[in-house]
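# Structural features, examined
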Amino acid sequence: MYRVPPQSVCTDSCPKGYRKVIQEGRKSCCYDCVLCSREEISNQTDMEKCWKCPEDQWPNKRKDKCLPRMITYLTYQEILGVSLAAVAVFFSLASLFTLTTFIHYQNTSVVKSNNRNLSFLLLVSLTVTFLSCLVFIGLPGRFTCIVRQTLFGITFTVCVSSILAKTIIVVLAFHATKPGSPLRRYLGKKLPSSIVAICSSIQSLICITWIGISPPYPFKDFYSEPGQIIIECQEGLGLYFMLGFIGLLAKGSFIIAFLARNLPDLYNETRLITFSMLIFFSVWISFIPTYMSTKGKYMAAVEIFAILFSGGGILLCMFFPKCYILLCKPERKRKACITHSHPVKILPTKIIQYYCPYYFLCFLPLSPRLCIVIQTPVSVFHFRIWHILNSDSLPAVLSAVCRQGY
């Protein structure tokens, strides 16, 4: 009869992936087997300690071997990256199409009434802003981390400052109609370009200071996601200074456009600016907490989303109505006047002229019997003050003025 010899230990051997922990109050041969911690392995049995994997490696499921970590960033090989890139290309093509349409119809009142040069500059900057989103996709490097933020910041500043210049010029143009108004001296070809140049220079100075003091750099995050190395750009506080300045310009555009929303309906671009700035604020106010609470490739995706939809809102609100008139309503693209079948006699009483870069035709009723007709051939404002013989004939007056070619 055979007998099994007694065991000299209280527990079985600890397998790979575990370490021995001596039971408190018992002999050293009595121990528990504890699974190695998150980043550690043991590749032998009865190990007293687990050892940590190198920083660029991660334990396998059995915790007996270290495997290379998976490198993660926003790429063109995944659905998210491809989708965002497709939307960016679509919006950039839409901007180019709108720019081509405006250039083709640049001699119409619809285009001239909105300051052609500022509209062209706004569309070009929107196109570059949309295309800058493509730099956010791909492996982050020192060069791409610097270029993508500065390119977006400067081009989007040009975009928003162009909107601000449009808003200021519109308000000044309508308030300078009063005789002896001191605002007339501010109207000129240099004002809109000066606004854009000053705002863009300030943003460029912010970006240069940011790059000089603490430039963005690629950062490897080993701890946010298990088994992954997340490569992202660390921007620091410079990003928020840049976005803060853009938000300040957008706030100025929104306030001025909102206060001027009741200007004559024949020139209601301030309302379009108000709606586009509302979309801008809705997107970027939600962007900040979302951006700060996400990690890795989703940070870049959130910023791309904010750029695309804020820029798309500007493109849709400010240019879609004009493109609709130019392409679908050809009878309205030459003159915005009210047709009427009854002729009316008009008596010109006074003519005032001064220089301004705008070109549009508009009618400002001053009283039930008096209105101002504004028209600009080339670069001179012609203000004709008309006396309306019949207080009920304002539509007929406008129709007659259009037919006479004033």
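Here is a short report on the structure shown in this document. (Residues numbered from 1 in each chain as written. Predicted model: local features only at pLDDT ≥ 70, side-chain atom pairs only at ≥ 80, totals over all residues. Heavy atoms only, no water.)

## Thoughts on the overall build of the protein chain
Each helix and strand counted, the protein chain has nine helices and 13 strands in total. Within the protein chain, the fraction of its 406 residues that count as buried is 48%. In the protein chain, the proportion of contacts linking residues at least 24 apart, taken out of those at least 6 apart, comes to 65%. (Helix = DSSP H or I, 4+ residues; strand = E, 2+ residues; numbered from the N terminus. Buried < 20%, exposed > 50% of the residue type's maximum accessible area, 1.4 Å probe, protein only. Contact = heavy atoms within 4.5 Å.)

## Digging into the nonpolar core
If you look at the biggest cluster of nonpolar residues, it comprises 62 residues, and the most contacted ones within it are Phe156 and Trp284. When residues of this core are traced back to their parent elements, those giving at least two are α1 (79-104), α2 (109-112), α3 (116-132), α4 (142-175), α5 (190-213), α6 (238-259), α7 (269-293) and α8 (297-328). Here this core gets 15 residues from one element, more than from any other, and that element is α8. If sequence neighbours within four positions are ignored, Trp284 has contacts with Phe152, Phe156, Leu243, Ala306, Ile307 and Ser310. (Core = buried A, V, L, I, M, F, W, Y, C linked by side-chain atoms within 4.5 Å.)

## Quick look at a nonpolar patch on the surface
Taken together, the side chains of Leu237, Tyr240, Phe241, Ile288 and Met292 make up a nonpolar region of the molecular surface, amounting to roughly 560 Å² of accessible area. Inspection of the secondary structure assignment puts Ile288 in helix α7. (Patch = residues over 30% accessible without salt bridge, like charges linked within 9 Å, V, L, I, M, F, W, Y side chains within 5 Å. Areas by Shrake-Rupley, 256 points an atom, 1.4 Å probe, with all protein chains shown as cover. Salt bridge = Lys/Arg side-chain N within 4 Å of Asp/Glu carboxyl O.)

## Structural notes on the pairing of strand β8 (residues 217-221)
By the bridge criterion, five bridges tie β8 to strand β9 (residues 228-234) in an arrangement that is antiparallel. Residue Asp221 lies in a different strand from β9, and its bridge partner there is Ile230. Joining the antiparallel neighbours β8 and β9 is a turn of six residues, in which Gly227 adopts a positive phi near 75°. (Pairing = 2+ DSSP bridges.)

## Here's the deal with α1
With 26 residues, α1 ought to run about 38 Å at 1.5 Å a step, and its terminal C-alpha atoms sit 37 Å apart, in line with that. Taken together, the buried residues of α1 touch α2, α3 and α8. (Expected span 1.5 Å × (residues − 1).)

## Some remarks on the state of the cysteines
As enumerated under the stated definition, the model contains four disulfides in all. Through a disulfide, Cys14 is tied to Cys33; the S-S separation comes to 1.9 Å. Disulfide Cys14-Cys33: torsion about the S-S bond near -95°, hence left-handed. Of this pair, Cys14 sits in the segment before β1 (18-22) while Cys33 sits in strand β2 (residues 31-35), placing them 19 residues apart in sequence. What makes Cys14 buried here is its relative accessible area of 0%. Cys33 sits in the partly exposed class, given a relative accessible area of 33%. (Disulfide = S-S within 2.5 Å.)

Spatial relationships are all this shows, so hold off on functional conclusions.
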